[in-house]
Amino acid sequence: MAVYTDVSDGDIAAFAKQYDIGEVTSFKGIAEGVENSNFLLMTTRAPYILTLYEKRVSKRDLPFFLGLMEHLAEAKVPCPTPIRGRDGQVLRELCGRPAAIISFLKGVWPRRISLFHCREVGRALAEMHLKGRDYPLRRSNALSVAGWRTLFTACQSRADEVETGLADTLAGELVLLETNWPADLPAGVIHADLFPDNVFFDGERLTGLIDFYFACDDHFAYDLAVCLNAWCFEHGGEFNVTKARQLLSAYRAVRPFSDSELAALPLLARGAALRFLLTRLYDWLNQVEGAMVKPKDPREYLPKLRFHQRISGPAAYGLA
């Protein structure tokens, strides 16, 4: 989450009148993340989140994202619910941007990852995968292997400004992943961006999955690979196999994964590491003027990628 578009008091008040949510008492920008402009909107009835969708989020994808949140919330997955206006519509426009109001979820995202966080995330991810199977809309993953070369090409000439030799590292890894990426694994709707700042907890209870704006149809095991990278490495870059075992075991208890998924996990984890390295590299080299937040350092994902490159099988993630 972040703020890129300024919104006035009058803009907010006029926008809110299109909803049956009470009178606006206050609003403030939320200065986290890199994708959209987000505001905490307080009304006489309840708090809400107002999101303005910036240029990186395609307007044609918004019905998929918002409809998915509605679908999952109805299935009792803890996620925000888009609020329909008095006219029944979810999506409208504010300050020249597509905009929506969604429900506010209680809880905080974990700054220090414990074993119970990994266990709860694994369980919740499996439930999301199962309950999203009958969602009727489809969206391909534009940030899967077929889209990585475009990102690499855009960054290749300047990659070594960030880390010496980075361009060659990325080029070699991309060829390997393009050649070996699996095609026939179990698939459906995935979150694709389930980082700690997209998961809320109240004590040891998971209270919310948020930020579905990368959700798409892809391999379920790829979603697990994203989580291995996001939840199971320590701040110094060391892989924590105990956290990985907790995450994967909790997932498997809800949705057993196949032998083919397990065998593919090291390659998928390499791909997930490359994906976030590339997108962070692009954002680092193309910083948005006036944004309230600094893009995340792509170098965080280099030791993660190198770890996955060294392993030969899923046992390294704590499972046979």
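Per chain, the residues get numbers from 1 upward, laid out in the order the sequence is written. Per-residue local features of the predicted model are confined to residues with pLDDT of at least 70, and side-chain atom pairs are confined, for both listing and counting, to 80 or more; whole-chain, interface and lining totals are unaffected and use all residues. Heavy atoms from the whole structure form the basis of all side-chain values; hydrogens and water molecules are not counted.

*Asks:* Help me understand the environment of Gly85, please; the structure alone is not making it clear to me.
*Replies:* What counts as a helix is a DSSP run of H or I of at least four residues, what counts as a strand is a run of E of at least two, and both are numbered from the N terminus. When you line up the elements, Gly85 lands in the loop between helix 2 (62–74) and strand 4 (92–94). Between the C-alpha atom of Gly85 and that of Trp284, which follows or precedes it by 199 residues, the distance is 37 Å. The contact criterion used throughout is that any non-hydrogen atoms of two residues lie within 4.5 Å. Ignoring anything within four residues of it in the chain, the contact list for Gly85 reads Gln18, Tyr19 and Arg92.

*Asks:* Any chance you could explain the nonpolar core here in plain terms?
*Replies:* Generally speaking, soluble globular proteins have nonpolar side chains that are buried together. In plain words, nonpolar cores are sets of buried Ala, Val, Leu, Ile, Met, Phe, Trp, Tyr and Cys residues tied together by side-chain atoms within 4.5 Å. Type-normalised accessible area, obtained with a 1.4 Å probe on protein chains alone, sets the label of each residue: buried when under 20%, exposed when over 50%, and partly exposed for intermediate values. Core analysis: the biggest nonpolar cluster contains 91 residues, and Val121, Trp148, Phe212, Trp231, Leu247 and Tyr317 have the highest contact counts within it. Beyond its immediate stretch of four places on either side in the chain, Tyr317 contacts Leu228, Phe239, Val241, Ala244, Arg245, Leu248, Leu265, Pro266, Ala269, Phe307, His308 and Ile311.

*Asks:* Can you help me understand the environment of Ala253 in this one?
*Replies:* With respect to the helices, strands and loops of the structure, Ala253 is situated in helix 7 (residues 241–254). Sequence spacing of Ala253 and Phe195 is 58 residues, and the spatial spacing of their C-alpha atoms is 21 Å.

*Asks:* What am I meant to see in the layout of surface pockets here?
*Replies:* Over the atoms, a rolled probe matching the size of one water molecule traces out where space is still vacant. Grid points spaced at 1 Å and placed over the protein atoms alone form the basis of the search, with a cavity being a set where a 1.4 Å probe fits but cannot get out and a pocket an open set showing protein on both sides within 12 Å along at least five of seven lines. Lining residues have an atom within 4 Å of a point. Grid points are joined across faces, edges and corners, and a volume is the space filled by probe spheres set on the points. Estimated volume of the second largest pocket: approximately 600 Å³. As for the second largest pocket, its lining consists of 24 residues, and the residues nearest its centre are Arg111, Pro196, Ala230, His235 and Glu300. Those elements that place two or more of their residues in the lining of the second largest pocket are helix 6 (220–231) and helix 9 (301–310). Per-element tally for the lining of the second largest pocket: the top contributor is helix 9, with three residues. Residue composition of the lining of the second largest pocket, grouped by class: ten nonpolar, four polar and ten charged. As a working rule, the residues Ala, Val, Leu, Ile, Met, Phe, Trp, Tyr, Cys and Pro are called nonpolar, Asp, Glu, Lys and Arg charged, and the rest polar, with Gly in that last group.

*Asks:* Even after reading the chapter, I still don't get the side chain of Arg275, so can you show me in this structure?
*Replies:* Mapped onto the elements of the fold, Arg275 is located in helix 8 (residues 259–285). The charge count includes Lys and Arg as positive and Asp and Glu as negative, but it does not include His or the ends of the chains. Any carboxyl oxygen of Asp or Glu within 4 Å of a side-chain nitrogen of Lys or Arg constitutes a salt bridge here. The side chain of Arg275 is buried and forms no salt bridge, while Asp193, the nearest opposite charge, is found at 4.9 Å. The contacts of Arg275, once residues within four sequence positions are left out, are Leu143, Trp148, Phe214 and Tyr222.

*Asks:* Looking at this structure, I do not really get the pattern of salt bridges. What am I missing?
*Replies:* A pair can form between side chains of opposite charge whenever their charged atoms are brought close. Tallied over the entire structure, the rule returns 18 salt bridges. In this structure, Arg255 engages Glu261 in a salt bridge whose closest nitrogen and oxygen atoms are separated by 3.1 Å. Accessibility expressed as a relative area gives 10% for Arg255, which makes it buried. Under the relative-accessibility criterion, Glu261 is labelled buried at 3%. Where Arg280 meets Glu300, a salt bridge forms, and the shortest distance between an N and an O atom there is 2.7 Å. Pair noted here: Arg280 is in helix 8 and Glu300 is in the loop between helix 8 and helix 9, with a separation of 20 residues, a long-range link. Given the relative accessible area of 40%, Glu300 is considered partly exposed. Via salt bridges that share partners, Glu120, Arg123 and Glu127 belong to a single interconnected network.

*Asks:* Before we go on, may I ask you to explain the packing of aromatic side chains in this structure?
*Replies:* The geometry of an aromatic ring pair comes down to the distance between the two centres and the angle between the two planes. For this analysis, a ring pair means two rings from Phe, Tyr or Trp (six-membered ring only for Trp) whose centres lie within 6.5 Å, classed as stacked if their planes differ by under 30 degrees, edge-to-face if by over 60, and tilted for the remaining angles. In total, this model carries 16 aromatic pairs according to the counting rule given. Summarising the aromatic geometry, the rings of Phe239 and Tyr317 are spaced 5.8 Å apart at their centres and angled 70° between planes, so their arrangement reads as edge-to-face. Residue Phe239 is found in the loop between helix 6 and helix 7, and its partner Tyr317 is found in the segment after helix 9; the two are separated by 78 residues along the sequence. In textbook terms, an aromatic cluster arises when at least three aromatic residues are bridged by ring pairs, as seen for Tyr53, Phe64, Phe65, Tyr135 and Tyr213. Placement of a charge over a ring requires the Lys NZ or Arg CZ to be within 6 Å of the ring centre, with the centre-to-atom vector within 35 degrees of the ring normal. Taking NZ or CZ as reference, Arg111 lies 3.8 Å from the ring centre of Trp109, over its face. The side chain of Lys296 reaches across the aromatic face of Phe195, ending 5.8 Å from its centre.

*Asks:* Where do I start with the pairing of strand 5 (residues 97–103) in this structure?
*Replies:* As a general feature of sheets, a regular strand has side chains that alternate between the two faces. Most of strand 5 is tucked away, with six of its seven residues classed as buried. Inspection of the sheet shows strand 3 (residues 47–52) paired to strand 5 by five bridges, in the antiparallel sense. Bridge pairing in strand 5 links Leu50 to Ile101. Two strands pair if DSSP finds at least two bridges between them. Pairing between strand 4 and strand 5: three bridges, direction antiparallel. Bridge pairing links Glu93 to Pro98 in strand 5. The loop that links strand 4 with its antiparallel partner strand 5 comprises two residues; one of these, Cys95, has a positive phi angle of about 55°.

*Asks:* Looking at this structure, I do not really get helix 8. What am I missing?
*Replies:* Look at helix 8: 40 Å from first C-alpha to last across 27 residues, which is about the 39 Å you get at 1.5 Å a residue. Residue Leu265 marks the point of greatest curvature in helix 8, where the axis turns by about 50°; the proline Pro266 follows within four residues. The buried count for helix 8 comes to 22 of 27 residues, which makes it a mostly enclosed element. Here the expected length of a helix is defined as 1.5 Å per residue gap, with one fewer gap than residues. Two axes enter the definition of the bend at a residue: one is fitted to the seven residues ending there, the other to the seven starting there, and the bend is the angle between them.

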